[in-house]
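# A closer look at the structure
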2 protein chains.
Amino acid sequence: MPTIHDVAKKAGVAPITVSRVINNSGYVSEKVRNRVNQAVDELGYVPNILARSLKSKRTNTIALVFTDITNPFFNFMARGVEDSASDAGYNVIFCNTDESSDQESKYVKLLLQKQVDGILLVPADTRSNSIQLIQDQKTPLVVIDRCVSNKNVDIVRGDSEGGAYLLTKHLIDLGHRRITLFSGPEAVSTSQDRVKGYKRAMENHGLSKFVDCYYGKFSRQSGIDLTKSIFSKENSPKPTAIFAANNLISVGILAELRNLGIKVPQDVAVCSFDGIPENLTVIPFLTNVAQPAYKMGQKATEILISRIKEKPEPSTDFEEIIFPVELTIRESSGGKIG
Amino acid sequence: MPTIHDVAKKAGVAPITVSRVINNSGYVSEKVRNRVNQAVDELGYVPNILARSLKSKRTNTIALVFTDITNPFFNFMARGVEDSASDAGYNVIFCNTDESSDQESKYVKLLLQKQVDGILLVPADTRSNSIQLIQDQKTPLVVIDRCVSNKNVDIVRGDSEGGAYLLTKHLIDLGHRRITLFSGPEAVSTSQDRVKGYKRAMENHGLSKFVDCYYGKFSRQSGIDLTKSIFSKENSPKPTAIFAANNLISVGILAELRNLGIKVPQDVAVCSFDGIPENLTVIPFLTNVAQPAYKMGQKATEILISRIKEKPEPSTDFEEIIFPVELTIRESSGGKIG
DNA sequence: TGATAATATGGTATCGATATCATATATCAT
DNA sequence: ATGATATATGATATCGATACCATATTATCA
């Protein structure tokens, strides 16, 4: 592959002059500029950004370290990240951790070695030690979707607590009292926050004694398993409404209820945190509160890039941006048929 | 940030010795090794892979240039790519082109400058000029999902033609004659191949005069629009079965049919190329032929990485791997209720 | 007209690592 | 004891670009 030296020789100038032409910096006469451009074309020269990055200390690459691209919520978030990054001239490296802290820190170490300009992180654990690693290297970082115990980070997330409250209240307003919550992994802040919001709503409405919630996974299978276990318990009162802490869980619940011959919403109302992607939905059916995943990805990326740009003197006051959620009432909760 | 020199000075050795310790190469005495490791720890040294890559000419990064991560098929493919790459020690940069050739070549140019070790490409156009760009740089390339006019590339794709034939034959076997196909963009080989398979099946069964197919987009909206237009034509016979060339189109069809009060499968049978992701499905309903998206991503990545490794003397005989599709018969085609 | 600024180009050092070659000591077989 | 081999460490050049400083030419203006 030809280098800047080859181009320089061919054009009869110094390498630095070629550099000026390529980067449109400094002074170059029209005549020389043309000669250089011609040489570039003839040789099929492609500048080596690696070498440039080594000198300039900027790679124009950021990384998104998150749980799983096949989860629709993160899927749309990822797209928001990519679009926003691409607009600003950055590429994105994607890393799936599947909620494993080990995997997470393995990725983070590698990314730091690769000198990415910044990292977007959905931490697998509330006390992620990856955060420390990243901050030790003074690499800009924005945490997405989740809270962490370390407060010295920018965070972009949805209002899990408020959303859970809203959804629970919706069910209560419809007359439900025995409302069961199927949440995600206990180590994840969104799982916890959704439990908190649910409990606050129950307590505020004098339903403390009906509080009934379970931690599990953010997966379809978890929804199936929890539903099975709840409805197979003998001699125990069954819920009249189930609140799924995410969309995959809700799909599992609906599938298993159908399997058991239990009708939604007639026998049991169901609602969910996060909906099913529109482009995969035939009939909108699921009552849910939705977070603006795409916008969250965009916003987090914008913040990250602004941190990258201010890097020499990093700011010390961190932002926590909480996106409001939106309640959509549909048939599954029996609230309104829409 | 400390460099290899800082570590070397602290440990009282030469930089190259530090390099040997880090990379576990060459000979280093136990004593020195310990001193070096201690210095690494104390300084929080992180090797700069950029510098290494500049010398070694390998970045351990590949790129996936495709249409859209939010499309479920590509979504699972992407996950296959990431998993497979990660196992082999590679990171993946994702680029969404949204079927735009301009966007595609913009990304490709940047990726080549970044010296990615290889590129996985879902070309937006049958005659993608990005392919030439990539091959000029002698960067390994694997085309996924689609055919291209240039035959000197490795290709990993699904059997669109065969799958379409299978699905059409299924409908014919059920007694349908007026079968309409809603395909994707005409410039995309999978759209064309699905049309071919459909036509071959129709012709083989003496149904040439019922051939009725339309190009559109691979989107839910396209399914809605085409359905509307078909069923609003007055005085023209309506299809008894619709074949959607991808899952998003099928969702649009089902949604619009429901909107029009047309029952599936009683009034119209519907089937689709590619299904709806299982983890988002409450009741499996859609008859479809599915491609193993995840495996295709894996396989393409494996081939790419093997090409990268053989790079000094690149092979000149290219592989075309065609994954078979799997027919699943469900209620939507009225074939069998399962 | 001379001084100052703007324009145009190049030389050299450097980013942080590693390849290559060189050198020095320890170990071993004969 | 001697040469051969394994072990251990370092000096120097280099990957491909750019930052910084230097120099030369041309333009501009008091």
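A quick note: this is a predicted structure, and the numbers were derived from the prediction, not measured. (Residues numbered from 1 in each chain as written. Chains lettered and ligands numbered in written order. Predicted model: local features only at pLDDT ≥ 70, side-chain atom pairs only at ≥ 80, totals over all residues. Heavy atoms only, no water.)

### A word on the relation of the copies chain B and chain A
It takes a turn of 180° to lay chain B on chain A, together with a shift of 0.0 Å along the axis; the resulting RMSD is 0.1 Å. In symmetry terms, the pair is related by a two-fold rotation axis. Closest to the rotation axis within chain B is the C-alpha of Ile93(B), separated from it by 2.2 Å. When you check the interface residues of chain B against chain A, 100% turn up at the interface there too, and the contact is symmetric in its surfaces. (Least-squares fit on C-alpha atoms with pLDDT ≥ 70 in both. Contact = heavy atoms within 4.5 Å.)

### Considering the sheet that holds strand S11 (residues 320-323) of chain A
One open sheet accounts for twelve strands, arranged S11(A)-S5(A)-S4(A)-S3(A)-S1(A)-S2(A)-S2(B)-S1(B)-S3(B)-S4(B)-S5(B)-S11(B); its pairing is mixed. The sheet terminates laterally at S11 of chain A together with strand S11 (320-323) of chain B, the two strands that pair on one side only. Between one strand axis and the next, the sheet turns by 20° as a mean value, whatever way the strands run. Both strand S2 (residues 91-96) of chain A and strand S2 (residues 91-96) of chain B contribute to a ladder of three bridges, which runs antiparallel. (Pairing = 2+ DSSP bridges. Helix = DSSP H or I, 4+ residues; strand = E, 2+ residues; numbered from the N terminus. Axes fitted to C-alpha atoms, helices over the stretch in contact; angles between N-to-C directions.)

### Considering the domain arrangement of chain A
Residues and elements named next belong to chain A. Each assigned domain of chain A is listed with its residue range as follows: domain 1 (4-47), domain 2 (58-158 + 295-323) and domain 3 (160-290). For domain 2 versus domain 3, the distance between C-alpha centres works out to 29 Å. Listed as interface residues are 13 residues of domain 2 and, on the opposing side, 13 residues of domain 3. Interface area, domain 2 with domain 3, both sides summed: about 940 Å², of which 51% is carbon and sulfur. (Domains from an automatic or database assignment. Buried area = accessible area lost by both parts, 1.4 Å probe.)

### With respect to the packing of aromatic side chains
Going through the model one piece at a time under the given rule, you end up with nine aromatic pairs over all chains. Considering the side-chain rings of Phe66(A) and Phe74(A), the 6.1 Å spacing of their centres and the 90° angle between planes classify their relative orientation as edge-to-face. With respect to class, Phe66(A) is no different from Phe74(A); both count as buried. Seen from their ring centres, Phe182(B) and Tyr214(B) are 6.1 Å apart, and the 75° between their planes marks the pair as edge-to-face. Of this pair, Phe182(B) sits in strand S6 (residues 179-182) while Tyr214(B) is found in strand S7 (residues 212-214), placing the two residues 32 residues apart along the sequence. In this structure, Arg194(A) is placed above the aromatic ring of Phe273(A), and the distance from its NZ or CZ to the ring centre is 3.8 Å. (Phe/Tyr/Trp six-rings, centres within 6.5 Å; stacked < 30°, edge-to-face > 60°. Buried < 20%, exposed > 50% of the residue type's maximum accessible area, 1.4 Å probe, protein only. Lys NZ or Arg CZ within 6 Å of the ring centre and 35° of its normal.)

### Some points on helix H12 (residues 293-309) of chain A
Two residues of an α-helix separated by three or four positions point the same way, owing to the 3.6 residues in each turn. Residues and elements named next belong to chain A. Given a rise of 1.5 Å per residue, 17 residues ought to cover 24 Å, and the 24 Å separating the end C-alpha atoms of H12 matches this to within 8%. Turning to H12, its buried residues are Ala 293, Met 296, Gly 297, Ala 300, Thr 301, Ile 303, Leu 304, Ile 305, Arg 307 and Ile 308. Close packing links the buried residues of H12 with strand S1 (61-66), helix H5 (72-87), strand S3 (118-121), strand S4 (141-144), strand S5 (154-158) and S11. (Expected span 1.5 Å × (residues − 1).)

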